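# Fold and geometry: a report
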Amino acid sequence: MNETIRTIMSRYSCRAFVGETPPDEDLRTIAEAALAAPSGSNRQLWRVIVVKDKSLISEMDDEGMRVLAAMPDKSMYERIKGRGGGLFYNAPCMIVIPIAQANPPVAEMFDCAIVAENIALAATSLGVDNLICGLAALPFAGEKGAEFSRRLGFPEGYGIGLGVLLGYAKETGGKPHELDFSKISFVE
Ligand SMILES: Cc1cc2nc3c(=O)[nH]c(=O)nc-3n(C[C@H](O)[C@H](O)[C@H](O)COP(=O)(O)O)c2cc1C
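The paragraphs below set out a description of the structure included in this document. (Residues numbered from 1 in each chain as written. Predicted model: local features only at pLDDT ≥ 70, side-chain atom pairs only at ≥ 80, totals over all residues.)

## Observations concerning the overall build of the protein
What the protein contains, in helices and strands, is six helices and five strands. Listing every helix and strand of the protein by position from the N terminus yields α-β-α-β-α-α-β-α-β-α-β. The C-alpha radius of gyration of the protein comes to 17 Å, within 12% of the 16 Å expected for a compact globule of 188 residues. Viewed in the frame of its principal axes, the protein has a C-alpha envelope of about 50 × 40 × 40 Å. (Helix = DSSP H or I, 4+ residues; strand = E, 2+ residues; numbered from the N terminus. Rg over C-alpha atoms; globule rule 2.2 N^0.38 Å.)

Written as structure tokens, this is what we have:
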């Protein structure tokens with residue numbers, strides 16, 4: 001197994017971070033790896049915003065939980081409350097990936113997901129634990145959404161795509177999901 005395959009195979013979703021922020025040098029490398037992602041027609045209709053402001057991340061977490069609590073279906077809110085109470089697991093850093101708001105933004109979402117995976121793999125290779133976070137969209141769905149977009153510097157016409165949480169796991173030894181080899185087939 002080469003280094004790249006080892007990185008892909010060892011990436012896992014970290015759901016409990018300690019407060020320590022990864023060094024700027026690593027964050028810069030991770031952000032640059034994000035920029036290397038392929039995109040449809042090389043349009044790159046995304047941005048890569050590295051958020052190190054813990055109080056802003058915490059505000060976004062609280063607002064996201066408020067948005068979730070106000071939804072008619074409370075099951076996700078209850079589940080998240082039950083496993084520690086927050087969307088962002090005490091992550092000290094989040095890379096926010098806003099995307100151009102086409103209608104519907106399908107191609108942009110594909111591109112955004114690839115950016116997120118580049119981030120996750122680059123982080124894993126550097127020993128930075130991570131989690132791709134779709135629920136990072138929640139704080140932008142409430143009344144403070146425009147304010148967060150402004151504070152994060154989203155370009156005009158861009159909205160949230162995904163977030164990727166970065167930091168160091170509270171407990172080492174996190175394992176990726178089991179591989180289901182039955183999903184592979186060859187047609188020859
Ligand atoms: C697009 C996307 C969005 C996700 N959003 C969340 C999220 O908001 N919260 C969370 O805890 N995990 C989230 N995950 C992580 C998945 O739950 C995780 O990848 C899956 O359970 C497999 O586990 P593994 O990543 O450890 O292999 C997301 C993953 C993807 C690909």
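## Points about the site of the ligand
Looking at the ligand, the residues that line it are Y12, S13, R15, A113, L131, I132, C133, G134, L135, L162, P176 and H177. The leading source of residues in the shell around the ligand is strand β4 (residues 129-133), at three residues. (Near = placed C-beta within 6 Å.)

## Points about the pairing of strand β3 (residues 93-100)
Counting buried positions along β3 yields eight of eight residues, so the element is predominantly enclosed. Here three bridges tie strand β2 (residues 49-51) to β3, and the two strands are oriented antiparallel to one another. Bridge assignment links I49 to a residue of β3, and that residue is V96. Sheet analysis places β3 next to strand β5 (residues 158-169), joined by eight bridges and oriented antiparallel. In the strand pairing of β5, P98 is matched with I160. (Buried ≥ 20, exposed ≤ 12 C-beta atoms within 10 Å, placed from the backbone. Pairing = 2+ DSSP bridges.)

## Focus: the environment of K183
In this fold, K183 is placed in the segment after β5. K183 sits 97 residues away from G86 along the chain, and the two C-alpha atoms are 33 Å apart.

## What about the packing of helix α2 (residues 24-35) against helix α5 (residues 106-125)?
Look at α2 against α5: their axes get within 8 Å of each other, and the N-to-C directions meet at 145°. For α2 against α5, the interelement crossing comes out right-handed. In this structure, α2 contributes T29, I30, A33 and A34 to the contact, and α5 contributes V115, N118, I119, A122 and A123. (Axes fitted to C-alpha atoms, helices over the stretch in contact; angles between N-to-C directions. Left-handed = near helix turned anticlockwise from the far one by under 90°. Contact = placed C-beta atoms within 7 Å.)

## Quick word on the pairing of β4
Counting buried residues in β4 gives four out of five residues, a clear majority hidden from the surface. Here five bridges tie β4 to β5, and the two strands are oriented antiparallel to one another. Counterpart to L131 in the pairing with β5 is L165.

## A look at the nonpolar core
Where a protein is soluble and globular, its nonpolar side chains tend to be buried together. Ranked by internal contacts, the top residues of the largest apolar core, which has 43 residues, are A91, M94, I97, I119, V164, L165 and L166. Of all the elements in the fold, those that place two or more residues in this core are α2, α3 (54-69), β3, α5, β4 and β5. (Core = buried A, V, L, I, M, F, W, Y, C linked by C-beta atoms within 7 Å.)

## A word on the packing of helix α1 (residues 3-10) against α5
Interhelical geometry of α1 versus α5 gives an angle of 110° and a closest axis separation of 9 Å. The orientation of α1 with respect to α5, classified from their angle, is roughly perpendicular. Every residue of α5 that contacts α1 at T7, I8 and S10 is listed here: L121, T124 and S125. Split by residue class, the contact of α1 with α5 holds two nonpolar, four polar and no charged. (Parallel < 35°, antiparallel > 145°, perpendicular 65-115°, else oblique. Nonpolar A, V, L, I, M, F, W, Y, C, P; charged D, E, K, R; others polar.)

Fair warning: the whole summary comes from geometry, so function is off the table for now.
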